[in-house]
Amino acid sequence: MDVEGVLLAGGKSSRFGKPKMFECYKEKPFYEHAITAFQKAGIESITIVTNEALSAHFNVSFSRTSVLIENPPYEGPLHALYQAMLKQEAANWYFTLPADTPFVTSTFIKNLLSYRSDQSAIIVPVANNFEQPLHSLYPASCLPVIKKLLSEQKRSMKLLFEQFPVQRVEFHKSHQDFININTQTEWSRYKNE
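Residues numbered from 1 in each chain as written. Predicted model: local features only at pLDDT ≥ 70, side-chain atom pairs only at ≥ 80, totals over all residues. Heavy atoms only, no water.

Engineer: Tell me about the side chain of Thr47, and name the residues and values.
Structural biologist: Its location among the elements puts Thr47 in strand β4 (residues 45–50). One polar contact links Thr47 to Glu4, side chain to side chain, over a distance of 2.6 Å. Once residues lying within four places of it in the same chain are set aside, the contact partners of Thr47 are Glu4, Gly5, Val6, Leu7, Ser66, Leu68, Lys87 and Gln88. (Helix = DSSP H or I, 4+ residues; strand = E, 2+ residues; numbered from the N terminus. Polar contact = N/O pair within 3.5 Å; in protein donor to acceptor, adjacent residues only side chain to side chain. Contact = heavy atoms within 4.5 Å.)

Structure below.
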């Protein structure tokens, strides 16, 4: 297996007021838009990393999609990525997406995948001068660095970027693939556009 899709879906959604990954856009829950984008981009194997309370609510009828219950929960995206890498250790790359990005497209995913040349750098999109670590491509070779950081109780993606080579890819600041929904007010603004 070359690329494993990793859907980050274990957050508390405290600002949204309910589990936002199940909010619907165009008659599909947010997280299903990410799964569809992965599959249309040719990423067939997908791991949804979530917590036990949410795990039963995901539709896993998609081909080669599985749910991984994070243990312990609520440890952040670096820990979620680490657990997915351990579970799907045959992959060479791990493409992460947050479960609250209903506008993500297969075009974006294919674009980022095209930057793979070897397994020596994390591929990180940058939009409006902001890195997008949750929309990034992580080589299997960064696993030992992640393991070390977590063993030191360091859970920041930024620290990983400081200790492992990173290839940054510029995207236009208006790129919709990076829009994640945090509050009901934000969603009210976007859903009718």
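Next comes the rest of the write-up.
Engineer: I'd like a rundown of helix α4 (residues 106–113), residues and numbers included.
Structural biologist: Residues of α4 that are buried: Ser106, Phe108, Ile109, Leu112 and Leu113. The arc enclosing the buried residues of α4, seen along the axis, measures out at 160 degrees, which places them on a common side. Where α4 is buried, its residues meet β1 (3–8), α1 (30–40), β6 (93–98), β7 (122–127), β9 (137–139) and β10 (166–171). (Buried < 20%, exposed > 50% of the residue type's maximum accessible area, 1.4 Å probe, protein only. Arc of directions from axis to C-beta.)

Engineer: Could you give an account of the packing of α1 against α4, with specific residues and numbers?
Structural biologist: Working note: a packed helix pair is described by the angle between its axes plus the distance between those axes. Where α1 contacts α4, the axes come no closer than 8 Å and their chain directions differ by 50 degrees. Overall, the two elements α1 and α4 adopt an arrangement that is oblique. Between α1 and α4 lies a crossing of right-handed hand. On α4, the residues that touch Ala37, Phe38 and Lys40 of α1 are Ser106, Ile109 and Lys110. In terms of residue class, the contact of α1 with α4 is made up of 3 nonpolar, 1 polar and 2 charged. (Axes fitted to C-alpha atoms, helices over the stretch in contact; angles between N-to-C directions. Parallel < 35°, antiparallel > 145°, perpendicular 65-115°, else oblique. Left-handed = near helix turned anticlockwise from the far one by under 90°. Nonpolar A, V, L, I, M, F, W, Y, C, P; charged D, E, K, R; others polar.)

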